[in-house]
Amino acid sequence: MSASKDRTPSQWEEIVAADPSHSARYVQRFRTLAAEGTDIVGEARLVDAMLGRGARVLDAGCGPGRIGGHLHDAGHTVVGVDVDPVLIDAARADHPGPTWLVGDLAELALPTRDFDAIVCAGNVLTFLAPSTRVPVLEGFARHLGPTGRLVTGFGAERGYTFTDFLDDTEKAGLTTDLLLSTWDLRPFREDSDFLVAVFSPI
């Protein structure tokens, strides 16, 4: 994937520009957690439970590949996209098998436009530039197959209210199927501090 020269940088890119070691520390954090036996693939298990074997999955904002790598090992065909080349290098090193691509989610244009699932976890949506939120969600809608589903998750108090997010998904051509407060299927309430949401294309 190539990015246009006049695109708006994500908030993640601004963090990395201010602290060039940020990405390497992020990679090491998850490598350490995995080595310690910490469960770091709960999101992937939920998505896997929604799919038949051999499904096509887009890991959007894939980071160092923990989710897409697990889904590949479960038998799915996985494409992972992240704007950070350091994270993509780590994904390729730690989780061979999926297709890992450096790219801007706001300019998503993949050959495959019929994914069975798109997973966007790890607070990725809160690291977008605010002006690109709806375009990113529109891109997700374009890349889903007719029965495909988008699964997202992020925390409250991160600069993107759940109400604004749900409004944006509607603008982007997505319909809400399910709202949860955790990746282990606890129901969403008005006072929940985390949102896991499942959408279908309208």
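Because the structure is a prediction, the values reported are computed rather than measured.

Conventions and cut-offs
Note that residues are indexed from 1 along each chain, following the sequence as it is written. Confidence filtering applies because this is a predicted model: local features only for residues at pLDDT of at least 70, side-chain atom pairs given and counted only at 80 or more, and all residues used for totals across whole chains, interfaces and linings. In computing side-chain values, all of the structure's heavy atoms are included and hydrogens and water are not. A run of DSSP states H or I qualifies as a helix once it reaches four residues; a run of E qualifies as a strand once it reaches two. Both are numbered from the N-terminal end. Here a residue-residue contact requires only that any non-hydrogen atoms of the pair lie within 4.5 Å. At least two bridges found by DSSP between two strands are what make those strands a pair. Here, axes are lines fitted to C-alpha atoms. For helices the fit covers the stretch in contact, and angles between N-to-C directions go from 0 to 180 degrees. Points on a 1 Å grid, built from protein atoms alone, make a cavity when a 1.4 Å probe fits but cannot get out and make a pocket when they are open with protein on both sides within 12 Å along at least 5 of 7 lines; residues with an atom within 4 Å of a point are the lining residues. Grid points are joined across faces, edges and corners, and a volume is the space filled by probe spheres set on the points. UniProt positions are given in the numbering used here, feature names are shortened, and annotations may be inferred rather than shown by experiment. Salt bridges are defined by distance alone: a side-chain nitrogen of Lys or Arg within 4 Å of a carboxyl oxygen of Asp or Glu. Residues grouped as a nonpolar core are buried Ala, Val, Leu, Ile, Met, Phe, Trp, Tyr and Cys residues, joined through side-chain atoms within 4.5 Å. Partly exposed residues are those whose accessible area sits between 20% and 50% of the maximum for their type, while under 20% is buried and over 50% is exposed, using a 1.4 Å probe and protein chains only. Each angle gets one of four labels, with under 35 degrees taken as roughly parallel, over 145 as roughly antiparallel, 65 to 115 as roughly perpendicular, and the rest as oblique. All amino acids are sorted into three groups, where Ala, Val, Leu, Ile, Met, Phe, Trp, Tyr, Cys and Pro are nonpolar, Asp, Glu, Lys and Arg are charged, and the leftover types, Gly among them, are polar. What counts as a ring pair is set by centres within 6.5 Å for rings of Phe, Tyr and Trp (its six-membered ring), and what kind of pair is set by the plane angle: stacked under 30 degrees, edge-to-face over 60, tilted for all other angles. Think of it as a cone above the ring: NZ of Lys or CZ of Arg counts as a charge over the ring if it is within 6 Å of the ring centre and within 35 degrees of the ring normal.

Participant: Help me get a handle on the side chain of Ser-10, residues and values and all.
Facilitator: Checked against the element boundaries, Ser-10 lands in the segment before helix H1 (11-18). Excluding residues within four positions of it along the chain, Ser-10 makes contact with Val-83, Phe-127, Leu-128 and Ala-129.

Participant: How would you summarise the sheet that holds strand S6 (residues 174-180) if you had to cite specific residues and measurements?
Facilitator: Strand-to-strand pairing in sheets goes through backbone hydrogen bonds, with the strands running parallel or antiparallel. Sheet architecture is open: seven strands sit in the order S3-S2-S1-S4-S5-S7-S6, paired in mixed fashion. Bordering the open sheet on either side are strand S3 (99-102) and S6, each of which pairs with just one other strand. When strand polarity is set aside, the average angle formed by the axes of neighbouring strands in this sheet is 20°. Packed on one face of the sheet, helix H5 (residues 85-94) meets strand S2 (77-82) and S3 and runs near 170° to S3. Sitting on the sheet, helix H6 (residues 133-143) touches strand S1 (56-60), strand S4 (115-120), strand S5 (144-155) and S6, and the angle it makes with S5 is about 145°.

Participant: Before we move on, could you go through the layout of surface pockets and cite the residues and values that matter?
Facilitator: Gaps left between atoms are located by rolling a probe of water-molecule size over the structure's atoms. The computed volume of the largest pocket comes to approximately 320 Å³. Lining the largest pocket are 14 residues, with Glu-43, Arg-66, Gly-122, Trp-183 and Phe-194 positioned closest to its centre.

Participant: Can you break down the UniProt feature "domain: Methyltransferase" (unreviewed entry) in the chain residue by residue, with the values?
Facilitator: On the UniProt side, "domain: Methyltransferase" (unreviewed entry) is annotated at positions that read residues 57-148 here. Structurally, residues 57-148 is divided into 32% helix and 27% strand, and its ends, taken at the C-alpha atoms, are 9 Å apart.

Participant: Requested: an account of the pattern of salt bridges, with residues and values cited.
Facilitator: Counted under the stated rule, the structure contains 13 salt bridges. With a closest N to O distance of 2.7 Å, Asp-48 and Arg-53 form a salt bridge. A network of salt bridges, in which partner residues are shared, links Arg-7, Glu-13 and Asp-104.

Participant: Tell me about the nonpolar core, and please be specific about residues and values.
Facilitator: If you look at the biggest cluster of nonpolar residues, it comprises 28 residues, and the most contacted ones within it are Leu-58, Leu-125, Leu-137, Phe-140 and Phe-165. Counting only elements with at least two residues in this core, the list comes to S1, S2, S4, H6, S5, helix H7 (162-171) and strand S7 (194-201). Sorting elements by how many residues they give to this core places H6 first, with four residues. What Phe-165 contacts, discounting residues up to four positions off in sequence, is Leu-125, Leu-137, Thr-152, Phe-154, Tyr-160, Leu-195, Ala-197 and Phe-199. Membership of the second largest hydrophobic core comes to 26 residues, among which are Ala-44, Val-57, Val-196 and Val-198.

Participant: Quick one: what's the story with the packing of H1 against helix H2 (residues 22-35), residue by residue and with numbers?
Facilitator: Running from amino to carboxyl end, H1 crosses H2 at an angle of 105°, the nearest separation of the two axes being 8 Å. As summarised for this structure, H1 and H2 are arranged roughly perpendicular, according to the angle between their axes. Between H1 and H2, the residues in contact are Trp-12, Ile-15 and Val-16 and His-22, Ser-23 and Tyr-26, respectively. Tallied by class, the residues present in the contact of H1 with H2 amount to four nonpolar, two polar and no charged.

Participant: Mind laying out the packing of aromatic side chains, listing which residues take part and the relevant values?
Facilitator: A complete count under the given rule lists nine aromatic pairs for this structure. Between the aromatic rings of Phe-162 and Phe-188, the centroid separation amounts to 5.8 Å while the plane-to-plane angle is 70°, which identifies the pairing as edge-to-face. With Phe-162 in helix H7 and Phe-188 in the loop between S6 and S7, the pair connects residues that are 26 residues apart, well separated along the chain. Taking relative accessible area as the criterion, Phe-162 reaches 12% and is therefore assigned buried. Aromatic pair Phe-165 and Phe-199: ring centres 5.6 Å apart, planes at 80°, arrangement edge-to-face. One end of the pair, Phe-165, is in helix H7; the other, Phe-199, is in strand S7, and 34 residues separate them in sequence. Members of the aromatic cluster, connected to one another through ring pairs, are Phe-154, Tyr-160, Phe-162, Phe-165, Phe-188 and Phe-199. When the ring centre of Tyr-160 is taken as reference, the NZ or CZ atom of Arg-133 above it lies at 3.9 Å.

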